[in-house]
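Summary of structural features
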Amino acid sequence: MPYRRIADIDFAELTRGPFHPSPDDWADEVLYFLLVDRFSDGGERGYRGNDGELVATGSTPPLTEADHGNAVATPQDAQRWRAAGVDWVGGTLAGLRGKLGYLRRLGVSAIWVSPVLKQVAGQASYHGYGIQDFLDVDPHFGRPEDLRALVAEAHAQGLRVILDVVLNHAGDVFGYEGDRQPVWTGQRYPVKGFRDADGAAVLPVGPVPQAYPDGGVWPAELQSTATFTGKGRIVDWDRFPEYLEGDFEGLKDIALGEGPADDYRPSAALVALARAYQYWIAYADLDGFRVDTVKHMDPGAARWFASAVHEFAQSIGKERFYLVAEITGDRAFAYQTLDAVGMDAALGLADVQDRLERVVKGTADPAEYFALFRNSLQVGRESHAWFRDKVVTSYDDHDQVRKGPWKARFAAGEPGRRLALVALAFNAVTLGIPCIYYGSEQEFDGEGGHDRYIREAMFGGAFGPFRSRGGHAFDEERETYRQLKQVLAVRRRLPALRRGRQYLRPVSADGVVFGPPGPRGLLPWSRIFADQEVLVAVNTDPDRVRTAWVTVDNDLHAEGDRLTCRYSSEPAFAGGQVSVSARNGKAVQLTLPPAGVVIYSR
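Notes on the structure follow. This structure is a prediction, so every number in the text was calculated from the model and none was measured.

**Brief notes about the overall build of the chain**
Regarding its fold elements, the chain presents 16 helices and 27 strands. Relative to a compact globule of 602 residues, whose C-alpha radius of gyration would be 25 Å, the chain shows 25 Å and is just as compact. For the chain, the spread of C-alpha atoms along the three principal axes comes to 80 × 55 × 45 Å. Looking at the chain as a whole, 61% of its 602 residues qualify as buried. Contacts in the chain between residues far apart in sequence, at least 24 positions, make up 70% of those at least 6 positions apart. Of the roughly 22100 Å² of accessible surface on the chain, a fraction of 49% belongs to carbon and sulfur atoms. A gap of 3 Å separates the mean positions of the 68 positive and 81 negative side-chain charges of the chain.

Now the structure itself:
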């Protein structure tokens, strides 16, 4: 039975272990982010199970091309499909557990799981960010035992699990006087009461043991008005201190403490929340946290939490328990925040996501993206090194705040659909820890212009991908899945693709005049680790074959050396060789098909 109070947990018994160890280096990992409600309900058939065998049971067949659009054939159907996207659709932890083989065979090594803790009853917070009980799993997802079983099976499959956690706010657990959502003015507003199981703000503001399990907020240590800032909702998301103190619409901001970062005084609420998350580390044997909305917390609070979590994890043998901080904003702001709060990596750097997408689609100078990893002086460091394992890189996600109101996945329309593999490969073998957003390997398009449409149900149901219903997308024969699987296999074999320095390479059409690669066409870069160079190139032109001479490291190669193609999206090129010539120092000539990808090494 879930605990009602932090004080009731026997941590001595809980931490007996043994526990799964941390990886040697998180730079070696490949992350996969999914929303539990939208991934798998366990009812699929015709997919390969964790053991690799075909699963013939289940009621949901594989999605076919003919099924695309079957949910929007009439205006009435379309309305039902759109409406389904704003509510729970049925994904579970058990369903996810049965798809770990699908992820392992793709080449994923760590799963970032959306928040699974208990949500406010009666609200459609399927995303998991509206928590009412920090010591229980939401029944839509399963039970605490299901989380523990998921992590155990993931570890058996060679995968790690990073849980998305929320510290900045709780769900809509109380109501303001007048049953309204006042806007932030810097002043506290009177609170009417905690919400009961029906959502009415009629419970006393204080200990409410009678409200368990669906009313109030839990654990009991949080049942006080002092837990919350109570200053109304944010309107200006960049104005200080509004973005620190305000509610996220109905999600209630938690007062985490006060004082400068070096002498921060945590609130009782922060102490309780840190202890709750320590409980989940030990109970489920988790490997890391993705910490939501770090920008909206006092730096001192985030630092205090990071220290509490790291020390606890190390005390049970998890030496490199990973804390990934969601920090919206540009790279310099993200690094400054990361440096201040003591977490391990930054996620949500808008300039990384934007520039990656624009470069791959051929609408931006490639130097824009590569400069993010080389011009480290801008963020107060003279080395590229922090970027290697201090930033999680991606382009699709569940929010796409960077795109404003008109949101869609990378593969929506042209040329995104034809460049889907280029984007995945580019992300996988450039600097940073790559993160795949669920469904990108199946070319989900997320068309519709709203959050709901970039959160399709992988398992089909009433809100399936490509405006479908009733068909699942766990297709290991889909070309993009198969090609990405090969890219990630090469990444595992070649350390330079995980840990190496990175250099954007000059190109030449004639082998005489070399210059930086342009916005559309053959785009090459090198990863160098010790004395090993791996040369990667993509063709961001989806229509034309591109050929060019590409510079390689002058000191690591001699004229006449040969580089072997370790991967090519065009099978005819795989295993072929190119000869090193004395051009611009040293260079090789590469030819890539439209939207092609190649990897060469000695």
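We are not done yet, so read on.
**Overview of the sheet that holds strand β26 (residues 586-592)**
In a beta sheet, neighbouring strands pair by backbone hydrogen bonds and run either parallel or antiparallel. Spatially, 3 strands are ordered β20-β23-β26 in an open sheet, and the strand pairing comes out antiparallel. Two strands bound the open sheet, and with one partner strand each, they are β20 (507-508) and β26. As paired elements, β20 and strand β23 (residues 546-552) share 2 bridges and run antiparallel to each other. Bridge pairing in β23 links serine 508 to tryptophan 549.

**Re the packing of aromatic side chains**
Scanning the model with the defined rule gives 35 aromatic pairs in all. Consider the rings of phenylalanine 33 and tryptophan 112, whose centres lie 3.7 Å apart with planes at 20°: the pair is stacked. Placement of phenylalanine 33 in strand β1 (residues 31-34) and of tryptophan 112 in strand β4 (residues 110-113) is noted, with a sequence separation of 79 residues between them. Looking at tryptophan 112, the relative accessible area reads 4%, which means it is buried.

**Some points on the side chain of histidine 169**
Residue placement: histidine 169 occurs in strand β8 (residues 169-170). Reaching out from histidine 169, the side chain makes a polar contact with the backbone oxygen of tyrosine 129 at a distance of 3.3 Å. If we skip the residues at most four places from it in the chain, histidine 169 touches Tyr129, Phe134, Phe248, Leu251, Lys252, Asp253, Ile254, Asp292 and Thr293.

**What about the environment of aspartate 553?**
Counting through the fold element by element, aspartate 553 comes out in the loop between β23 and β24 (562-568). C-alpha of aspartate 553 to C-alpha of glutamine 532: the two residues are 21 residues apart in sequence and 9.9 Å apart in space. Contact partners of aspartate 553, with chain neighbours within four places excluded, come to Arg505, Ile528, Glu533 and Lys586.

**A few points about the layout of surface pockets**
One number sums up the size of the largest pocket: a volume of about 1300 Å³. Forming the walls of the largest pocket are 47 residues, and the residues nearest its centre are Phe248, Thr293, Glu326, Asp399 and Val401. Of all the elements in the fold, those that place two or more residues in the lining of the largest pocket are β15 (322-329), β16 (345-349), α11 (350-360) and β18 (433-437). The biggest single contributor to the lining of the largest pocket is β15, with 3 residues.

**Digging into the sheet that holds strand β27 (residues 597-601)**
In spatial order, the strands read β19-β21-β22-β27-β24-β25; together these 6 strands make up an open sheet with antiparallel pairing. Two strands bound the open sheet, and with one partner strand each, they are β19 (501-504) and β25 (577-579). Neighbour-to-neighbour, the strand axes of this sheet turn through a mean angle of 25°, independent of strand direction. When β24 meets β27, the two strands line up antiparallel, connected through 4 bridges. Each bridged residue has a counterpart across the sheet, and for serine 568 the counterpart in β27 is valine 598. Relative to β24, helix α15 (residues 479-493) is tilted by about 135°, and along the sheet it contacts β24 and β27.

**Some thoughts on the environment of phenylalanine 240**
Along the chain, phenylalanine 240 falls in the loop between β10 (191-194) and α7 (242-245). Phenylalanine 240 sits 56 residues away from histidine 296 along the chain, and the two C-alpha atoms are 9.7 Å apart.

**A short note on the pairing of β4**
Across a regular strand the side chains alternate sides, sitting on one face of the sheet and then on the other. Neither face of β4 is exposed, since Ala110 and Trp112 on one face and Ile111 and Val113 on the opposite face are all buried. As defined by bridge partners, β1 adjoins β4 across 4 bridges and the pair is classed as parallel. Bridging from a neighbouring strand, tyrosine 32 pairs with isoleucine 111 of β4.

**Structural notes on empty space enclosed by the protein**
By the definition in use, this model includes 4 cavities of 30 Å³ or more. As a volume, the largest cavity reaches approximately 50 Å³. Around the largest cavity, the lining residues are Val120, Ala121, Gln132, Asp172, Val173, Arg195, Asp196, Asp214, Gly215 and Gly216. Along the lines of polarity and charge, the residues of the lining of the largest cavity split into 3 nonpolar, 3 polar and 4 charged.

**Considerations on the pattern of salt bridges**
Evaluation of the coordinates by the stated rule reveals 44 salt bridges. Between aspartate 37 and arginine 38 there is a salt bridge, and its shortest N-O distance comes to 2.9 Å. Since its relative accessible area comes to 1%, aspartate 37 is described here as buried. For arginine 38, a relative accessible area of 0% gives the class buried. The partner of arginine 418 in a salt bridge is glutamate 414, with the nearest N and O atoms 3.1 Å apart. The exposure class of glutamate 414 is partly exposed, given its relative accessible area of 45%.

**Some remarks on the packing of helix α8 (residues 268-284) against helix α9 (residues 299-315)**
Two elements in contact, α8 and α9, have axes separated by 10 Å at closest approach and are oriented at 35°. Considering only the axes of α8 and α9, their crossing is right-handed. Along its contact with α8, which presents Leu270, Val271, Ala274, Arg275, Tyr277, Gln278, Ile281 and Ala282, the element α9 presents Ala301, Trp304, Phe305, Ala308, Val309 and Phe312.

**Focus: the packing of helix α6 (residues 144-156) against α8**
Where α6 contacts α8, the axes come no closer than 9 Å and their chain directions differ by 55°. By the angle between their axes, α6 is oblique relative to α8. Of the residues in α8, those in contact with Pro144, Glu145, Leu147, Arg148 and Val151 of α6 are Trp280, Tyr283 and Ala284. For the contact of α6 with α8, the class distribution of residues is 6 nonpolar, no polar and 2 charged.

**Here's the deal with the nonpolar core**
Across soluble globular proteins, you tend to see nonpolar side chains buried next to one another. In terms of nonpolar packing, the biggest core is built from 164 residues, with Tyr32, Val116, Phe134, Tyr277, Phe289, Met343 and Phe426 touching the most fellow members. With 13 residues, α8 is the largest single contributor of residues to this core. In this structure, phenylalanine 134 is in contact with Leu117, Val166, His169, Ala170, Trp218, Pro219, Leu222, Ile254, Leu273, Ala276, Tyr277 and Trp280, ignoring residues within four places of it in sequence. Among the nonpolar cores identified, the runner-up in size contains 16 residues, and Ala537, Val550, Val578 and Val588 belong to it.

Thresholds, definitions, all that
Residue numbers here run from 1 along each chain, matching the order of that chain's written sequence. Two thresholds apply to this predicted model, a pLDDT of at least 70 for residue-level local features and 80 or more for giving and counting side-chain atom pairs, whereas whole-chain, interface and lining totals are computed over all residues. The basis for every side-chain value is the complete set of non-hydrogen atoms in the structure, without hydrogens or water. Counting from the N terminus, the helices are the DSSP runs of H or I reaching at least four residues and the strands are the DSSP runs of E reaching at least two. As a reference, a globule follows 2.2 Å times the number of residues to the power 0.38, and the radius of gyration itself is taken over C-alpha atoms. Here's how the labels work: a residue is buried when its accessible area is under 20% of the maximum for its type, exposed when over 50%, partly exposed in between, all with a 1.4 Å probe on protein chains only. Should any heavy atoms of two residues lie within 4.5 Å, those residues are counted as being in contact. Where accessible areas are quoted, they stem from the Shrake-Rupley method and a 1.4 Å probe; at the residue level, only the protein chains shown are allowed to cover. When charges are counted, Lys and Arg contribute as positive and Asp and Glu as negative, whereas His and the chain ends are disregarded. Here the site of a charge means NZ on Lys, CZ on Arg, CG on Asp, or CD on Glu. Any two strands with at least two DSSP bridges between them are considered paired. Ring geometry is summarised as follows: Phe, Tyr and Trp rings, the Trp one being its six-membered ring, pair when their centres sit within 6.5 Å, and such pairs are stacked at plane angles under 30 degrees, edge-to-face over 60 and tilted between the two. Here a polar contact means two N or O atoms within 3.5 Å. Within protein one must be a hydrogen donor candidate and the other an acceptor candidate, and residues neighboring in sequence count only if both atoms are side-chain atoms. Lining residues are those with an atom within 4 Å of a point, where the points come from a 1 Å grid over the protein atoms alone and group into cavities, where a 1.4 Å probe fits but cannot get out, or pockets, open sets with protein on both sides within 12 Å along at least five of seven lines. Grid points are joined across faces, edges and corners, and a volume is the space filled by probe spheres set on the points. Here an angle of 0 to 180 degrees is reported between the N-to-C directions of two axes, which are lines fitted to C-alpha atoms, with helices fitted over the stretch in contact. In this classification, the charged set is Asp, Glu, Lys and Arg, the nonpolar set is Ala, Val, Leu, Ile, Met, Phe, Trp, Tyr, Cys and Pro, and all remaining amino acids, among them Gly, are polar. The term salt bridge refers to a side-chain nitrogen of Lys or Arg lying within 4 Å of a carboxyl oxygen of Asp or Glu. Put simply, a crossing is left-handed when the front helix is turned counterclockwise from the back one by less than a right angle, and right-handed when it is turned clockwise. When describing relative orientation, an angle under 35 degrees is termed roughly parallel and one over 145 degrees roughly antiparallel, while 65 to 115 degrees is termed roughly perpendicular and anything else oblique. Only buried residues count toward a nonpolar core. Its members are Ala, Val, Leu, Ile, Met, Phe, Trp, Tyr and Cys residues joined through side-chain atoms within 4.5 Å.

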